[in-house]
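Commentary on secondary and tertiary structure
Residues per chain are reported as follows:
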Amino acid sequence: MSTSYQEWLQRDRGSLEARVAEAYRLWESCVMCGRRCTVNRLNGSMGYCKAPRNAFLCSWNPHYGEEPPLVGRYGSGTIFFSSCNLLCVFCQNDDISHGREGKEYTPAQLSDIMLSLQNQRRCHNINLVTPSHQLPPILEAIVLAAKAGLDIPIVWNCGGYESLQALHLLDGIVDIYMPDFKFWESDPARRFMNTPDYREVACTAIKEMHRQVGVLKLDFSGIAKRGVLIRRLQAFGHAQWSCGDKTACPVDCS
């Protein structure tokens, strides 16, 4: 199965590059996530995420602790981006999200990292962890890497609080969406993430993800190639916070 972005690159390279330009244009009044801060990220202004203009990374490596369909024999090529658009009080990566541990990389440098995970480390995919607030330089890096031979699936590993504008930019580029679904109820979403509208934003986003890539599809060895993989937050003693009256997928994508 060919990756979405390589098929597009072979069809029309110019329109793929135009998508990158559109992403940067939207950064002039940032609406890359559900917070819609509308600050001018191009001139160095920072919104809720406090992220800079360039890609802001903490680490990258083959990851064997990811969801099984992503790992396989050689691991998921995980790139951890610093800062976050949600900044949950319970974050397990507090040093990266709240502490903003990491440094800036240009799109060309990020492209080289993606290619090294594919070519040297033989990873099964490029797993972009907490990428929402850094979409334009990431998108530019994907295009650069694709031109240089990147052809493994792109995983958008996010918190679910995505804007439709951002997801439309990723349509035809991302192969696998792996959003969290954290809270069904608005009160804990407000208390722990300052996002009382989390359920509405996340449900709308996940429906769009499903429209783009459909249900999860695996190859003969059980490795994910395309589709949506949703992770549910489980708050011990408070199942209703994340589940409501749902027992399976929190979003009706039919």
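Everything below is about the structure printed above this text.
Now for a look at the structure at hand. For clarity, every value in this text was computed on a predicted model and none was experimentally measured.

Here's the deal with the nonpolar core
In terms of nonpolar packing, the biggest core is built from 62 residues, with Ile 79, Met 114 and Leu 128 touching the most fellow members. Filtering out sequence-adjacent residues up to four positions away, Met 114 remains in contact with Ile 79, Ile 126, Leu 128, Ile 138, Ala 141, Ile 142, Ala 145 and Leu 150. One finds Leu 70, Val 155, Met 178 and Ala 224 within the second-largest nonpolar core, a separate group that totals six residues.

Things to note about the packing of helix H5 (residues 107–119) against helix H6 (residues 135–147)
With their axes 8 Å apart at the nearest point, H5 and H6 run at an angle of 55° to one another. With respect to each other, H5 and H6 are oriented oblique. H6 is crossed by H5, and the crossing has right-handed handedness. Together, Pro 107, Ala 108, Leu 110, Ser 111, Met 114 and Leu 115 of H5 and Pro 137, Ile 138, Glu 140, Ala 141, Ile 142, Leu 144 and Ala 145 of H6 make up the contact between the two elements. Residue composition of the contact of H5 with H6, grouped by class: 11 nonpolar, one polar and one charged.

Description of empty space enclosed by the protein
In total, this model carries one cavity of 30 Å³ or more according to the counting rule given. Counted as a void, the largest cavity has a volume near 100 Å³. Forming the boundary of the largest cavity are 13 residues, of which Cys 30, Cys 33, Cys 37, Arg 41 and Cys 49 lie nearest the centre. Looking at side-chain class alone, the lining of the largest cavity contains seven nonpolar, three polar and three charged residues.

Regarding the packing of aromatic side chains
Per the stated rule, a full pass over the model turns up eight aromatic pairs. Here Phe 90 and Phe 192 contribute two aromatic rings whose centre-to-centre distance is 6.4 Å and whose plane-to-plane angle is 70°, an arrangement assigned as edge-to-face. With a gap of 102 residues between them, Phe 90 in the loop between strand E2 (76–81) and helix H4 (94–97) and Phe 192 in helix H8 (residues 186–193) connect regions that are remote in the sequence. Taken together, the aromatic side chains of Tyr 161, Phe 181, Trp 184 and Tyr 198 make up a single cluster linked through ring pairs. The positively charged end of Arg 35 is found above the aromatic ring belonging to Tyr 48, 3.6 Å away from the centroid. Its end group placed over the ring of Trp 184, Arg 199 keeps NZ or CZ at 4.4 Å from the ring centre.

A short note on the pairing of strand E1 (residues 55–63)
Bridge analysis of E1 against strand E3 (residues 103–105) gives three bridges, and the strand direction is antiparallel. Bridging from a neighbouring strand, Ala 55 pairs with Tyr 105 of E3. Here E1 runs beside E2; their pairing, made up of six bridges, is antiparallel. When the bridges of E2 are listed, Trp 60 appears paired with Ile 79.

Description of the layout of surface pockets
What the largest pocket holds in volume is close to 730 Å³. Lining of the largest pocket is provided by 31 residues; of these, Gln 92, Asn 93, Asp 180, Lys 182 and Arg 231 occupy positions nearest its centre. Secondary-structure elements contributing two or more residues to the lining of the largest pocket are E2, H4, strand E5 (154–158) and strand E9 (231–232). A breakdown of the residues in the lining of the largest pocket according to their chemical character gives 13 nonpolar, 12 polar and six charged.

Quick notes on the rules
Residues numbered from 1 in each chain as written. Predicted model: local features only at pLDDT ≥ 70, side-chain atom pairs only at ≥ 80, totals over all residues. Heavy atoms only, no water. Core = buried A, V, L, I, M, F, W, Y, C linked by side-chain atoms within 4.5 Å. Buried < 20%, exposed > 50% of the residue type's maximum accessible area, 1.4 Å probe, protein only. Contact = heavy atoms within 4.5 Å. Axes fitted to C-alpha atoms, helices over the stretch in contact; angles between N-to-C directions. Helix = DSSP H or I, 4+ residues; strand = E, 2+ residues; numbered from the N terminus. Parallel < 35°, antiparallel > 145°, perpendicular 65-115°, else oblique. Left-handed = near helix turned anticlockwise from the far one by under 90°. Nonpolar A, V, L, I, M, F, W, Y, C, P; charged D, E, K, R; others polar. 1 Å grid on protein atoms, 1.4 Å probe; cavity = no way out; pocket = protein on both sides within 12 Å on 5 of 7 lines; lining within 4 Å. Points joined across faces, edges and corners; volume = space filled by probe spheres on them. Phe/Tyr/Trp six-rings, centres within 6.5 Å; stacked < 30°, edge-to-face > 60°. Lys NZ or Arg CZ within 6 Å of the ring centre and 35° of its normal. Pairing = 2+ DSSP bridges.

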